[in-house]
Amino acid sequence: MNSDTVYRPKQGLTDREFHYCPGCTHGIIHKLVGEVLTEQGLIGEAIGVASVGCSVLNYVYFDCDMQQAAHGRAPAVATGIKRVRENHAVFTYQGDGDLASIGLAEAVHAAHRGENITVIFVNNAIYGMTGGQMAPTTLIGQKTTTSPFGREKEGTGEPLRVSELLATVPGAAYLERVSVHDPKHVRKAKKALEKAFDTQMKGKGFSLVEFISTCPVNWGIQPRESLDWAVENMIPYYPLGVFKDPEKEEEDD
(Lines give C-alpha, C1' and ligand atoms only; values in the text may rest on other atoms or scores of the structure.)
Protein backbone atom coordinates (compact mmCIF):
# COMPACT_ATOMS: atom_id res chain seq x y z
CA MET A 1 0.00 0.00 0.00
CA ASN A 2 1.59 3.30 -1.08
CA SER A 3 1.28 6.71 0.55
CA ASP A 4 -1.54 7.70 -1.82
CA THR A 5 -3.84 4.92 -0.67
CA VAL A 6 -6.49 6.22 1.72
CA TYR A 7 -8.78 3.19 1.91
CA ARG A 8 -8.38 -0.53 1.42
CA PRO A 9 -11.80 -2.20 1.02
CA LYS A 10 -11.22 -5.70 2.37
CA GLN A 11 -8.56 -7.59 4.25
CA GLY A 12 -9.17 -11.03 5.64
CA LEU A 13 -12.63 -11.23 4.05
CA THR A 14 -13.99 -12.98 0.98
CA ASP A 15 -15.63 -11.19 -1.96
CA ARG A 16 -19.14 -12.17 -0.86
CA GLU A 17 -21.53 -9.25 -0.37
CA PHE A 18 -22.90 -8.85 3.15
CA HIS A 19 -26.52 -9.82 3.72
CA TYR A 20 -26.89 -7.49 6.70
CA CYS A 21 -29.61 -4.82 6.82
CA PRO A 22 -28.76 -1.17 6.01
CA GLY A 23 -27.26 0.51 9.06
CA CYS A 24 -26.31 -2.72 10.80
CA THR A 25 -22.76 -2.52 12.13
CA HIS A 26 -21.91 -6.21 11.71
CA GLY A 27 -20.17 -5.24 8.48
CA ILE A 28 -17.84 -2.79 10.23
CA ILE A 29 -17.01 -5.35 12.91
CA HIS A 30 -16.34 -8.03 10.28
CA LYS A 31 -13.96 -5.67 8.52
CA LEU A 32 -12.07 -4.91 11.72
CA VAL A 33 -11.68 -8.59 12.61
CA GLY A 34 -10.43 -9.37 9.09
CA GLU A 35 -7.98 -6.47 9.16
CA VAL A 36 -6.52 -7.38 12.53
CA LEU A 37 -6.06 -11.05 11.65
CA THR A 38 -4.38 -10.05 8.38
CA GLU A 39 -2.13 -7.38 9.87
CA GLN A 40 -1.04 -9.70 12.68
CA GLY A 41 -0.20 -12.42 10.14
CA LEU A 42 -2.82 -14.77 11.59
CA ILE A 43 -5.44 -15.01 8.83
CA GLY A 44 -3.81 -17.97 7.09
CA GLU A 45 -4.10 -20.19 10.14
CA ALA A 46 -7.01 -18.56 11.94
CA ILE A 47 -10.07 -20.66 12.77
CA GLY A 48 -13.37 -18.94 13.48
CA VAL A 49 -16.55 -20.36 14.97
CA ALA A 50 -19.86 -19.02 13.66
CA SER A 51 -22.79 -18.61 16.01
CA VAL A 52 -26.55 -18.70 15.42
CA GLY A 53 -28.27 -15.38 14.78
CA CYS A 54 -27.86 -12.57 12.26
CA SER A 55 -24.18 -13.46 12.00
CA VAL A 56 -24.86 -17.12 11.28
CA LEU A 57 -23.44 -16.73 7.76
CA ASN A 58 -20.17 -15.16 8.87
CA TYR A 59 -18.42 -18.33 7.76
CA VAL A 60 -18.85 -17.19 4.15
CA TYR A 61 -17.33 -13.76 4.87
CA PHE A 62 -14.12 -14.47 6.80
CA ASP A 63 -11.28 -15.67 4.59
CA CYS A 64 -10.12 -18.35 6.99
CA ASP A 65 -11.25 -21.75 8.17
CA MET A 66 -14.65 -21.57 9.87
CA GLN A 67 -16.78 -23.98 11.87
CA GLN A 68 -20.52 -23.63 12.51
CA ALA A 69 -21.64 -24.21 16.10
CA ALA A 70 -25.04 -25.02 17.56
CA HIS A 71 -26.90 -22.11 19.17
CA GLY A 72 -24.80 -20.70 22.02
CA ARG A 73 -22.15 -23.41 21.85
CA ALA A 74 -19.42 -21.51 20.00
CA PRO A 75 -17.06 -21.20 23.02
CA ALA A 76 -17.28 -24.97 23.60
CA VAL A 77 -16.50 -25.69 19.95
CA ALA A 78 -13.67 -23.14 20.00
CA THR A 79 -12.28 -24.79 23.13
CA GLY A 80 -12.00 -28.14 21.36
CA ILE A 81 -10.40 -26.60 18.29
CA LYS A 82 -7.85 -24.59 20.29
CA ARG A 83 -6.80 -27.57 22.38
CA VAL A 84 -6.03 -29.50 19.19
CA ARG A 85 -4.59 -26.54 17.26
CA GLU A 86 -2.75 -24.68 20.01
CA ASN A 87 -0.76 -22.43 17.66
CA HIS A 88 -3.76 -21.19 15.68
CA ALA A 89 -5.76 -18.04 16.38
CA VAL A 90 -9.21 -19.34 17.36
CA PHE A 91 -12.15 -16.98 17.71
CA THR A 92 -15.92 -17.01 18.06
CA TYR A 93 -18.26 -14.39 16.62
CA GLN A 94 -21.52 -14.19 18.60
CA GLY A 95 -24.53 -11.96 19.09
CA ASP A 96 -26.15 -11.14 22.41
CA GLY A 97 -28.98 -13.65 21.97
CA ASP A 98 -26.50 -16.40 21.20
CA LEU A 99 -23.94 -15.57 23.89
CA ALA A 100 -25.88 -13.84 26.66
CA SER A 101 -28.91 -16.13 26.65
CA ILE A 102 -28.68 -19.76 25.54
CA GLY A 103 -24.88 -19.69 25.46
CA LEU A 104 -24.10 -17.77 28.64
CA ALA A 105 -22.94 -20.86 30.55
CA GLU A 106 -20.60 -21.78 27.69
CA ALA A 107 -18.98 -18.33 27.78
CA VAL A 108 -18.71 -18.21 31.57
CA HIS A 109 -17.14 -21.65 31.85
CA ALA A 110 -14.74 -21.08 28.93
CA ALA A 111 -13.59 -17.93 30.72
CA HIS A 112 -13.50 -19.73 34.08
CA ARG A 113 -11.22 -22.41 32.64
CA GLY A 114 -9.04 -19.72 31.10
CA GLU A 115 -9.46 -21.16 27.62
CA ASN A 116 -7.01 -19.44 25.29
CA ILE A 117 -9.60 -18.23 22.76
CA THR A 118 -10.94 -14.84 21.64
CA VAL A 119 -14.65 -14.06 21.69
CA ILE A 120 -16.16 -11.33 19.50
CA PHE A 121 -19.42 -10.38 21.22
CA VAL A 122 -21.88 -8.15 19.33
CA ASN A 123 -24.46 -6.50 21.61
CA ASN A 124 -27.38 -4.78 19.86
CA ALA A 125 -29.82 -5.26 22.77
CA ILE A 126 -32.28 -7.37 20.79
CA TYR A 127 -32.80 -10.68 18.98
CA GLY A 128 -32.23 -9.66 15.37
CA MET A 129 -32.62 -12.69 13.08
CA THR A 130 -35.69 -14.17 14.75
CA GLY A 131 -37.85 -11.05 14.62
CA GLY A 132 -36.83 -8.57 17.28
CA GLN A 133 -37.69 -10.27 20.56
CA MET A 134 -36.43 -9.10 23.95
CA ALA A 135 -32.90 -10.27 24.72
CA PRO A 136 -31.05 -10.47 28.04
CA THR A 137 -29.38 -7.20 27.00
CA THR A 138 -32.59 -5.30 26.10
CA LEU A 139 -32.78 -2.03 28.01
CA ILE A 140 -35.47 -1.15 30.55
CA GLY A 141 -38.31 0.54 28.65
CA GLN A 142 -37.09 -0.70 25.27
CA LYS A 143 -39.89 -1.98 23.06
CA THR A 144 -39.53 -5.32 21.30
CA THR A 145 -41.97 -7.81 19.78
CA THR A 146 -42.15 -9.62 23.13
CA SER A 147 -42.12 -6.45 25.24
CA PRO A 148 -44.42 -4.18 23.20
CA PHE A 149 -44.88 -1.76 26.11
CA GLY A 150 -41.19 -1.71 26.98
CA ARG A 151 -39.09 -4.01 29.12
CA GLU A 152 -39.97 -3.84 32.79
CA LYS A 153 -37.56 -4.58 35.60
CA GLU A 154 -40.22 -6.45 37.54
CA GLY A 155 -40.46 -9.92 36.08
CA THR A 156 -37.51 -9.64 33.66
CA GLY A 157 -34.77 -8.10 35.80
CA GLU A 158 -32.09 -5.64 34.75
CA PRO A 159 -30.31 -5.99 31.38
CA LEU A 160 -27.30 -8.30 31.64
CA ARG A 161 -23.84 -6.69 31.51
CA VAL A 162 -21.70 -9.52 30.13
CA SER A 163 -18.29 -7.85 30.33
CA GLU A 164 -18.82 -6.87 33.97
CA LEU A 165 -20.02 -10.38 34.75
CA LEU A 166 -16.99 -12.03 33.16
CA ALA A 167 -14.66 -9.58 34.90
CA THR A 168 -15.46 -11.45 38.13
CA VAL A 169 -14.25 -14.74 36.64
CA PRO A 170 -10.60 -15.46 37.53
CA GLY A 171 -9.79 -17.21 34.23
CA ALA A 172 -10.76 -14.24 32.05
CA ALA A 173 -7.59 -12.42 30.92
CA TYR A 174 -8.67 -9.51 28.73
CA LEU A 175 -12.13 -7.91 28.51
CA GLU A 176 -13.06 -4.65 26.78
CA ARG A 177 -16.29 -3.03 25.61
CA VAL A 178 -16.11 -0.84 22.51
CA SER A 179 -18.41 0.84 20.00
CA VAL A 180 -18.30 1.56 16.26
CA HIS A 181 -20.67 4.53 16.08
CA ASP A 182 -18.06 6.92 14.68
CA PRO A 183 -14.53 6.80 13.17
CA LYS A 184 -12.80 7.59 16.46
CA HIS A 185 -14.45 4.67 18.19
CA VAL A 186 -13.89 2.38 15.21
CA ARG A 187 -10.15 2.98 15.60
CA LYS A 188 -10.36 2.27 19.34
CA ALA A 189 -12.31 -0.91 18.62
CA LYS A 190 -9.58 -2.11 16.28
CA LYS A 191 -6.96 -1.60 18.97
CA ALA A 192 -9.07 -3.67 21.36
CA LEU A 193 -9.19 -6.52 18.84
CA GLU A 194 -5.44 -6.28 18.37
CA LYS A 195 -4.99 -6.59 22.14
CA ALA A 196 -7.44 -9.50 22.37
CA PHE A 197 -5.71 -11.58 19.70
CA ASP A 198 -2.30 -10.64 21.10
CA THR A 199 -3.46 -11.87 24.51
CA GLN A 200 -4.44 -15.19 22.96
CA MET A 201 -1.30 -15.66 20.89
CA LYS A 202 0.85 -14.97 23.97
CA GLY A 203 -1.03 -17.72 25.78
CA LYS A 204 -2.44 -15.46 28.49
CA GLY A 205 -5.97 -16.90 28.42
CA PHE A 206 -9.55 -16.00 27.58
CA SER A 207 -10.20 -12.67 25.85
CA LEU A 208 -13.46 -11.01 24.83
CA VAL A 209 -14.26 -7.78 23.01
CA GLU A 210 -17.86 -6.62 23.38
CA PHE A 211 -19.16 -4.35 20.61
CA ILE A 212 -22.06 -1.97 21.13
CA SER A 213 -23.89 -2.44 17.83
CA THR A 214 -27.06 -1.27 16.09
CA CYS A 215 -30.21 -2.92 14.74
CA PRO A 216 -32.17 -0.18 12.91
CA VAL A 217 -34.81 -2.54 11.48
CA ASN A 218 -35.81 -4.18 14.75
CA TRP A 219 -35.37 -0.94 16.68
CA GLY A 220 -37.79 0.65 14.19
CA ILE A 221 -35.62 3.67 13.40
CA GLN A 222 -33.42 4.93 10.57
CA PRO A 223 -29.73 3.94 10.35
CA ARG A 224 -28.44 7.41 11.25
CA GLU A 225 -30.83 7.59 14.20
CA SER A 226 -29.71 4.16 15.38
CA LEU A 227 -26.15 5.37 15.90
CA ASP A 228 -27.42 8.26 18.01
CA TRP A 229 -29.76 5.93 19.92
CA ALA A 230 -26.87 3.62 20.77
CA VAL A 231 -24.82 6.54 22.09
CA GLU A 232 -27.68 8.08 24.06
CA ASN A 233 -29.20 4.89 25.46
CA MET A 234 -26.86 1.90 25.27
CA ILE A 235 -23.50 3.37 26.18
CA PRO A 236 -24.74 4.98 29.43
CA TYR A 237 -25.88 1.54 30.61
CA TYR A 238 -23.05 -0.36 28.92
CA PRO A 239 -20.05 1.92 29.52
CA LEU A 240 -17.08 1.57 27.21
CA GLY A 241 -13.69 0.62 28.55
CA VAL A 242 -11.33 -2.13 29.69
CA PHE A 243 -12.67 -4.41 32.40
CA LYS A 244 -9.69 -6.73 32.64
CA ASP A 245 -6.17 -6.49 31.26
CA PRO A 246 -3.40 -9.07 31.85
CA GLU A 247 -0.66 -6.45 31.46
CA LYS A 248 -2.22 -4.20 34.10
CA GLU A 249 -2.57 -7.13 36.47
CA GLU A 250 1.10 -7.99 35.93
CA GLU A 251 2.03 -4.41 36.79
CA ASP A 252 -0.11 -4.51 39.92
CA ASP A 253 1.61 -7.73 41.02
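It should be noted that the structure appears before, not after, this text.
Residues numbered from 1 in each chain as written. Predicted model: local features only at pLDDT ≥ 70, side-chain atom pairs only at ≥ 80, totals over all residues. Heavy atoms only, no water.

**Q** Looking at this structure, how should I read the sheet that holds strand β1 (residues 47–50)?
**A** For sheets, the rule is that strands pair by backbone hydrogen bonds, running either parallel or antiparallel. Spatial strand order, β2-β1-β3-β4-β6-β5-β7: seven strands in an open sheet with mixed pairing. In the strand order of this sheet, the two ends are held by β2 (65–68) and β7 (241–244), each with one partner. Neighbouring strand axes in the sheet, compared pairwise and without regard to direction, differ in orientation by 20° on average. Running over the sheet, helix α7 (residues 183–201) touches β3 (90–95), β4 (118–123), β5 (172–179) and β6 (206–212) and is turned about 165° from β5. (Pairing = 2+ DSSP bridges. Helix = DSSP H or I, 4+ residues; strand = E, 2+ residues; numbered from the N terminus. Axes fitted to C-alpha atoms, helices over the stretch in contact; angles between N-to-C directions. Contact = heavy atoms within 4.5 Å.)

**Q** I tried to follow the packing of aromatic side chains on my own but got confused; where do I start?
**A** The geometry of an aromatic ring pair comes down to the distance between the two centres and the angle between the two planes. Applying the stated criterion across every chain yields a total of eight aromatic pairs. Judged by centre distance (6.1 Å) and plane angle (80°), the rings of Phe-91 and Phe-197 are edge-to-face. Taken as a pair, Phe-91 in strand β3 and Phe-197 in helix α7 lie far apart in primary sequence, 106 residues in all. One aromatic cluster is present, formed by Phe-62, Phe-91, Tyr-93 and Phe-197 through successive ring pairs. Its guanidinium or amino end placed over the ring of Tyr-237, Arg-161 lies 3.6 Å from that ring's centre, counting from NZ or CZ. (Phe/Tyr/Trp six-rings, centres within 6.5 Å; stacked < 30°, edge-to-face > 60°. Lys NZ or Arg CZ within 6 Å of the ring centre and 35° of its normal.)

**Q** Explain the environment of Ala-89 to me, please; I cannot follow it from the model alone.
**A** Counting through the fold element by element, Ala-89 comes out in the loop between α2 (74–84) and β3. Note: C-alpha distance between Ala-89 and Ala-74 (15 residues apart in sequence) is 15 Å. In this structure Ala-89 touches Leu-37, Leu-42, Glu-45, Ala-46, Ile-47, Phe-197, Gln-200 and Met-201, once residues within four positions along its chain are discounted.

**Q** In this structure, what is going on with helix α9 (residues 223–237)? I would like to understand it.
**A** An α-helical turn contains 3.6 residues, so any two residues separated by three or four positions project in the same direction. An ideal rise of 1.5 Å per residue puts 21 Å on 15 residues; α9 measures up with 21 Å between its terminal C-alpha atoms. Roughly 35° is the biggest bend found in α9, and it falls at Ala-230. Restricting attention to buried positions, one finds in α9 the residues Ser-226, Leu-227, Ala-230, Met-234, Ile-235 and Tyr-237. Structurally, α9 contributes buried residues whose contacts are with β4, β5, β6 and α8 (216–219). (Expected span 1.5 Å × (residues − 1). Bend = angle between axes of the 7 residues up to and from the residue. Buried < 20%, exposed > 50% of the residue type's maximum accessible area, 1.4 Å probe, protein only.)

Any functional reading would require information beyond the geometric quantities listed.
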